[in-house]
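Structure assessment
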Amino acid sequence: MQKRILRYLIFCLTAVVAACGGDKVVHNNQNHNDGHHHHHEPPHGGVPVVLGNEEFHLELLIDNSSSKMMMYILDAHMENFIRISSNEIAMKVSSDGTERELKFMAQSSNSTGETVGDTSFFAAEDDVIKELTEFEVVIPEISIKGSTYTNVAFPFPEGNEPH
(Lines give C-alpha, C1' and ligand atoms only; values in the text may rest on other atoms or scores of the structure.)
Protein backbone atom coordinates (compact mmCIF):
# COMPACT_ATOMS: atom_id res chain seq x y z
CA MET A 1 0.00 0.00 0.00
CA GLN A 2 2.81 2.43 0.87
CA LYS A 3 4.55 1.73 -2.46
CA ARG A 4 1.32 2.49 -4.32
CA ILE A 5 0.93 5.83 -2.47
CA LEU A 6 4.58 6.66 -3.08
CA ARG A 7 4.25 5.92 -6.84
CA TYR A 8 1.07 8.01 -6.96
CA LEU A 9 2.84 10.96 -5.24
CA ILE A 10 5.80 10.68 -7.61
CA PHE A 11 3.41 10.62 -10.58
CA CYS A 12 1.57 13.72 -9.29
CA LEU A 13 4.81 15.57 -8.61
CA THR A 14 6.11 14.74 -12.10
CA ALA A 15 2.85 15.95 -13.65
CA VAL A 16 3.03 19.24 -11.72
CA VAL A 17 6.65 19.84 -12.71
CA ALA A 18 5.90 19.06 -16.37
CA ALA A 19 2.90 21.40 -16.35
CA CYS A 20 5.08 24.24 -15.07
CA GLY A 21 7.44 23.97 -18.06
CA GLY A 22 6.85 25.50 -21.45
CA ASP A 23 8.30 28.50 -23.19
CA LYS A 24 7.81 31.07 -20.44
CA VAL A 25 10.41 33.78 -20.16
CA VAL A 26 11.58 34.01 -16.58
CA HIS A 27 12.77 37.45 -15.51
CA ASN A 28 15.05 38.25 -12.70
CA ASN A 29 15.54 41.87 -11.77
CA GLN A 30 19.13 41.82 -12.94
CA ASN A 31 19.18 40.94 -16.65
CA HIS A 32 17.16 39.94 -19.65
CA ASN A 33 19.55 37.43 -21.16
CA ASP A 34 16.95 35.53 -23.20
CA GLY A 35 17.74 37.38 -26.45
CA HIS A 36 14.27 38.94 -26.63
CA HIS A 37 13.40 42.60 -26.27
CA HIS A 38 10.76 43.55 -23.77
CA HIS A 39 8.61 46.63 -23.84
CA HIS A 40 7.70 48.21 -20.53
CA GLU A 41 5.15 50.95 -19.92
CA PRO A 42 6.43 53.94 -17.97
CA PRO A 43 4.23 54.52 -14.89
CA HIS A 44 3.75 58.26 -15.60
CA GLY A 45 3.34 57.94 -19.39
CA GLY A 46 6.80 59.39 -20.02
CA VAL A 47 9.68 58.36 -22.28
CA PRO A 48 11.35 55.03 -21.38
CA VAL A 49 15.14 54.78 -21.37
CA VAL A 50 16.89 51.42 -20.93
CA LEU A 51 20.11 51.25 -18.92
CA GLY A 52 22.53 48.45 -19.71
CA ASN A 53 20.99 45.09 -20.55
CA GLU A 54 17.64 46.24 -19.10
CA GLU A 55 18.98 46.18 -15.55
CA PHE A 56 17.28 49.52 -14.88
CA HIS A 57 15.16 52.12 -16.66
CA LEU A 58 14.72 55.85 -16.58
CA GLU A 59 11.45 57.57 -17.28
CA LEU A 60 11.64 61.13 -18.62
CA LEU A 61 8.79 63.63 -18.66
CA ILE A 62 8.88 67.15 -19.97
CA ASP A 63 6.67 70.09 -19.05
CA ASN A 64 7.50 72.78 -21.60
CA SER A 65 5.14 75.32 -20.03
CA SER A 66 7.04 75.31 -16.72
CA SER A 67 10.51 74.75 -18.26
CA LYS A 68 10.84 71.57 -16.22
CA MET A 69 11.98 68.05 -17.07
CA MET A 70 11.57 65.16 -14.63
CA MET A 71 13.48 61.88 -14.38
CA TYR A 72 12.45 58.77 -12.44
CA ILE A 73 14.77 55.82 -11.80
CA LEU A 74 13.01 52.47 -12.07
CA ASP A 75 13.74 48.75 -11.95
CA ALA A 76 14.05 46.37 -14.92
CA HIS A 77 10.28 46.15 -15.42
CA MET A 78 9.46 49.80 -14.67
CA GLU A 79 7.39 48.65 -11.70
CA ASN A 80 9.40 49.83 -8.71
CA PHE A 81 11.23 53.06 -8.02
CA ILE A 82 14.95 52.72 -7.29
CA ARG A 83 16.46 55.21 -4.88
CA ILE A 84 20.03 56.34 -5.42
CA SER A 85 22.42 58.48 -3.40
CA SER A 86 23.34 60.97 -6.15
CA ASN A 87 22.41 64.59 -5.57
CA GLU A 88 22.64 65.49 -9.26
CA ILE A 89 22.54 63.86 -12.71
CA ALA A 90 23.90 65.68 -15.76
CA MET A 91 22.29 65.41 -19.18
CA LYS A 92 23.47 66.88 -22.48
CA VAL A 93 20.72 67.83 -24.93
CA SER A 94 21.33 68.75 -28.58
CA SER A 95 18.82 70.41 -30.85
CA ASP A 96 19.37 72.32 -34.09
CA GLY A 97 23.15 72.10 -33.70
CA THR A 98 23.13 73.59 -30.20
CA GLU A 99 24.22 71.56 -27.19
CA ARG A 100 23.16 72.41 -23.66
CA GLU A 101 23.80 70.70 -20.33
CA LEU A 102 20.91 70.24 -17.94
CA LYS A 103 21.41 69.47 -14.26
CA PHE A 104 18.81 67.17 -12.73
CA MET A 105 18.69 67.77 -9.01
CA ALA A 106 17.58 65.16 -6.47
CA GLN A 107 14.05 65.79 -5.19
CA SER A 108 12.62 64.95 -1.79
CA SER A 109 9.04 63.86 -1.17
CA ASN A 110 7.14 63.84 2.10
CA SER A 111 4.62 61.33 0.69
CA THR A 112 7.26 58.71 -0.21
CA GLY A 113 9.83 59.54 2.44
CA GLU A 114 12.46 60.15 -0.22
CA THR A 115 15.16 62.67 0.60
CA VAL A 116 18.00 64.31 -1.29
CA GLY A 117 20.67 61.60 -1.29
CA ASP A 118 18.04 58.81 -1.13
CA THR A 119 15.61 59.39 -3.99
CA SER A 120 14.37 58.02 -7.32
CA PHE A 121 13.11 61.41 -8.54
CA PHE A 122 15.19 64.15 -10.18
CA ALA A 123 14.17 67.38 -11.88
CA ALA A 124 15.83 70.01 -14.08
CA GLU A 125 14.57 73.54 -14.65
CA ASP A 126 15.92 75.64 -17.50
CA ASP A 127 14.36 78.12 -19.91
CA VAL A 128 15.72 76.08 -22.83
CA ILE A 129 13.24 73.30 -21.92
CA LYS A 130 10.37 75.56 -23.05
CA GLU A 131 11.55 75.20 -26.65
CA LEU A 132 12.54 71.52 -26.63
CA THR A 133 10.30 69.05 -28.46
CA GLU A 134 12.63 66.71 -30.36
CA PHE A 135 16.28 66.46 -29.40
CA GLU A 136 19.24 64.13 -28.86
CA VAL A 137 20.24 63.19 -25.32
CA VAL A 138 23.46 61.92 -23.76
CA ILE A 139 23.70 61.12 -20.07
CA PRO A 140 27.47 61.14 -19.44
CA GLU A 141 27.26 58.98 -16.30
CA ILE A 142 24.69 57.55 -13.93
CA SER A 143 25.36 55.09 -11.08
CA ILE A 144 22.65 52.83 -9.69
CA LYS A 145 23.16 50.14 -7.04
CA GLY A 146 26.85 49.58 -7.83
CA SER A 147 26.50 49.73 -11.64
CA THR A 148 27.72 52.73 -13.62
CA TYR A 149 26.33 53.53 -17.05
CA THR A 150 28.24 55.96 -19.28
CA ASN A 151 27.32 57.90 -22.40
CA VAL A 152 23.71 56.72 -22.47
CA ALA A 153 22.48 58.19 -25.78
CA PHE A 154 18.94 58.28 -27.18
CA PRO A 155 16.53 60.50 -29.11
CA PHE A 156 13.73 62.31 -27.30
CA PRO A 157 10.77 61.72 -27.36
CA GLU A 158 11.44 58.21 -28.73
CA GLY A 159 13.73 56.95 -25.96
CA ASN A 160 15.66 53.72 -26.46
CA GLU A 161 13.16 51.13 -25.22
CA PRO A 162 12.64 48.48 -27.96
CA HIS A 163 9.07 48.30 -29.25
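About the criteria used
- Residues numbered from 1 in each chain as written.
- Predicted model: local features only at pLDDT ≥ 70, side-chain atom pairs only at ≥ 80, totals over all residues.
- Heavy atoms only, no water.
- Helix = DSSP H or I, 4+ residues; strand = E, 2+ residues; numbered from the N terminus.
- Contact = heavy atoms within 4.5 Å.
- Areas by Shrake-Rupley, 256 points an atom, 1.4 Å probe, with all protein chains shown as cover.
- Pairing = 2+ DSSP bridges.
- Axes fitted to C-alpha atoms, helices over the stretch in contact; angles between N-to-C directions.

Examining the overall build of the protein chain
- Within the protein chain, the secondary structure is distributed over one helix and eight strands.
- When its helices and strands are written in sequence order, the protein chain yields α-β-β-β-β-β-β-β-β.
- Long-range contacts, defined here as pairs at least 24 residues apart, represent 50% of the contacts in the protein chain between residues at least 6 apart.
- As displayed, the protein chain has an accessible area near 10,000 Å², and 50% of this comes from carbon and sulfur atoms.

Structural notes on the pairing of strand β4 (residues 88–95)
- Two strands pair when backbone bridges link them, and β4 and strand β5 (residues 98–106) are joined in this way by eight bridges, in the antiparallel orientation. Counted as the bridge partner of Glu88 is Met105 from β5.
- With antiparallel pairing between neighbouring strands as the criterion, β4 and β5 make up a hairpin whose turn holds two residues, including Asp96 at a positive phi of roughly 55 degrees.
- Relative to strand β7 (residues 135–144), β4 runs antiparallel, the two sharing three bridges. By the bridge assignment, Lys92 is partnered in β7 with Val138.

As for the sheet that holds strand β2 (residues 56–63)
- With antiparallel pairing, the eight strands of this open sheet are ordered in space as β1-β2-β3-β6-β5-β4-β7-β8. Two strands bound the open sheet, and with one partner strand each, they are β1 (47–51) and β8 (147–156). Strand-to-strand twist of the sheet, defined as the mean angle between neighbouring strand axes without regard to direction, takes the value 25 degrees.

Observations regarding unusual backbone geometry
- In this structure, Pro157 follows Phe156 across a cis peptide bond, with omega equal to 20 degrees.
- Along the polypeptide, Pro157 turns up in the segment after β8.
- Phi at Ser67 is positive, roughly 60 degrees, even though this residue is not glycine.
- Mapping Ser67 onto the fold places it in the loop between β2 and β3 (68–74).
- The phi torsion at Asn151 lies on the positive side, around 50 degrees, for a residue other than glycine.
- Within the fold, Asn151 resides in strand β8.

Purely geometric stuff here, so don't read any function into it on its own.
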